[in-house]
Amino acid sequence: MGCQMLWLPLALTLMMATVSTGGSIVEECDPGDLKGLASFRGGIHMDTSGRLAKWVGRRCCRWQGVSCNNETGRVAEVHLPGFISSVDFVFQSQMEGWFSPSITLLTSLEVLDLGGLAGLSGRIPTSIGRLKNLRKLYLYGNKLRGSVPESIGKLLKLEELHLHENRLSGFLPPTLGCLKNLNALLLHSNRFTGSIPASFSNLINLMHLDLHANSITGHIPQNIGDLQLLKELDLSDNLLNGEIPASVNNLTSISVMYLDANHLEGEIPFPSNYGQMPLLGFLRLQNNQLGGKIPPNLGYLVSLQRVSLENNKLEGAIPSSLGNLEALTELYLSGNKLSGVIPKSIGQLSHLILLTLSHNSIQGPLPNEMSALQNLQTLDLSFNSLTLNSIPRWVAELPSLSRIYLAGCGIKGQIPDMLKSTPSPIQELDLSANDLTGGIPAWMGSLTQLYSLNLSRNHLSSSIPASVADFQELGVLDLHSNNITASMEHVFKIGTSFPGGSLTYVDLSDNSFTSGIQQISVGTLERVVYLNLSHNLQEGKLPTSMEKLKALQSLDLSYNKFGFGLVEALANLSHLETLKLQRNQFTGRIPAEFLNLKNLKDLDLSDNLLVGEIPAGRPLSDFPQSCFTGNTGLCGKPLSPCKS
């Protein structure tokens, strides 16, 4: 008996020595743990990090990415994330293979991190509930399919569950509501359907709930306000309907609320009283069907920094109480039915960087108090009932303003000279759909930081000044539906300081240009994706240099007077999806090389002088007859067969 009593503490001492010596594990792996890890390794057929190649022998506690409990010797943590960071660099590793369900043999596991392994496929094991000690489960950024097992509700110690960016589907299991220790539940960017379980209101410790980018239906749970510790709520980009529950007013810790891109309706119910949601800084409700007025109480949310209510059915006047939001930097109200005038209190938003009010029924005049918006960088008042007649001088004097959108604002006369010397260089300018007359001023070329210029749908005439070639960073140029004449050649000299030019989008359609396409030169338009020169007076032969427009996806040269044969060079535009050449005077045969345009989805060669047989094969054979009619000498599928 005495020997036995002497042996017990000795055995314990030896065990501790073998389990932990200076913090390193030397005891052999628990058989269940070893089997589970070996099965996981067996399911992986590629590992660029080389970590699994070092999993040899039976001392798994020494394996890279594996940590054990010093007291029990059992595997406690498995860390094999896709991103491996060190002091000097971050390495994106790849693992491809199958997620073995035998991982649930690691019954003492507390942390499982397989996040960001983009090649890991399979399913979440139905036996996941066996891991009753699990505190953190990271399976995000994989290729996991199927549903979330009901047994996940047995992981009562779970604090963080990250399953986002997979291909998971099915309903969200109500058993998730059993995880009362959960503080982060991230399920976004999957394929979940069904409704949000009412049991989620039991997650009283939850601080982060993110379900965005799924196909979740039904209503937001009425008792969502029970989640008193919730800081971030993202239900955006789903199929939710019904009203926003009034209980959201009880979310005293909320700082981020994204409910955008759903089918929510009714009025905005918060805040109902001063002091509610005191920390809310980021609010997105855009792209819903919310109606009624913007609640004046919104001015109580004094922590708001960014607010988007655009693309809803909101009506009535903008409440002057919004001027109380002293921290506000971005305000999006476009695409509603708002009316009345802009309140003078908007001028109190001294930190405002962006203000968009386009596509409403707001009336003028603009309050002079807006001249106090010293930090405003973007102003969009387009398509309202402002009838400005002229651009207020203070617009051109705002010290930080660089993006000006005043389309459809009833501006008349010539493009005002005051825009050539703004305190902050203009980067984007949209004066489309106004009543501008005269020509494009020569000083326009001095706006060397201009990236986007839209002067379309006006009454501009004369020719394009040579100075536009001075644009060094212009990417978007839209001059369609004016009466601009002469040559468009100067446009093709824009942005030559960039390799391949700076332009990506060019629309010169519906004007009176007579020449200039021949000046498309090598190296200046290699970035252009969209080129529309239709409805002009261009004539002559298409230049073979057009084959250098390697990025081109849409080309519209219709309704001109181009002649001669279709140049084979067009067949080298491998990214081309739209090709419209109708209503010209092209002659000869359709080049057989056009069959190389494998990405072509929209083609129109009608009403020309083309002859011969349409080259047989896709994509030409896929288009209807209407794409080829009006060419009396053309035959072959889809037109009538050629006569032998």
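- Under an unreviewed UniProt entry, the name given to the protein is Leucine-rich repeat-containing N-terminal plant-type domain-containing protein, and the source organism is Gossypium laxum.
- Listed in UniProt under the heading Subcellular location (unreviewed entry), the comment for the protein reads: "Membrane".

## Quick word on the state of the cysteines
No. 1: For the structure shown, the criterion picks out three disulfides.
No. 2: Between the sulfur atoms of Cys29 and its disulfide mate Cys60 the distance is 2.0 Å. Torsion about the S-S bond of the Cys29 and Cys60 cystine: about 70°, corresponding to right-handed handedness. Placement of Cys29 in the loop between α1 (2–19) and α2 (31–43) and of Cys60 in the loop between β1 (44–47) and β2 (66–68) is noted, with a sequence separation of 31 residues between them.
No. 3: A residue is classified by how much of its surface remains accessible, and Cys60, at 0% relative accessible area, is buried.
No. 4: Here Cys635 engages in a disulfide with Cys642; their sulfurs sit 1.9 Å apart. Handedness here is read from the sign of the S-S torsion; for Cys635 and Cys642, about 95°, the answer is right-handed.
No. 5: With its disulfide-bonded cysteines labelled consecutively along the sequence, the protein is connected as 1-2, 3-4, 5-6.
No. 6: Residue Cys627 stays outside any disulfide, its sulfur separated by 17 Å from that of Cys635, the closest cysteine.

## A few points about the sheet that holds strand β6 (residues 95–98)
No. 1: Spatial strand order, β1-β6-β8-β10-β12-β14: six strands in an open sheet with mixed pairing. Each edge of the sheet is formed by a strand with only one pairing partner; in this case those strands are β1 and β14 (191–193). Across this sheet, the average inter-strand angle for adjacent strands is 15°, counted without regard to direction.
No. 2: With three bridges connecting them, β6 and strand β8 (residues 119–123) associate as parallel partners. The residue of β8 that forms the bridge with Glu96 is Gly119.
No. 3: Contacting β1 and β6, α2 crosses the sheet at an angle of about 75° to β1.

## What to know about the side chain of Ser49
No. 1: Take Ser49: it is sitting in the loop between β1 and β2.
No. 2: Separated by 2.6 Å, the side chains of Ser49 and Asp47 make a polar contact.
No. 3: Within polar-contact distance, the side chain of Ser49 engages the side chain of Arg51 at 2.8 Å.
No. 4: Look past the residues within four positions of Ser49 in its chain and what remains in contact with it is Ile84, Phe91, Ser93 and Gln94.

Here is what the cut-offs are and how they apply
- Residues numbered from 1 in each chain as written.
- Predicted model: local features only at pLDDT ≥ 70, side-chain atom pairs only at ≥ 80, totals over all residues.
- Heavy atoms only, no water.
- UniProt positions renumbered as here; feature names shortened; annotations may be inferred.
- Disulfide = S-S within 2.5 Å.
- Helix = DSSP H or I, 4+ residues; strand = E, 2+ residues; numbered from the N terminus.
- Buried < 20%, exposed > 50% of the residue type's maximum accessible area, 1.4 Å probe, protein only.
- Pairing = 2+ DSSP bridges.
- Axes fitted to C-alpha atoms, helices over the stretch in contact; angles between N-to-C directions.
- Contact = heavy atoms within 4.5 Å.
- Polar contact = N/O pair within 3.5 Å; in protein donor to acceptor, adjacent residues only side chain to side chain.

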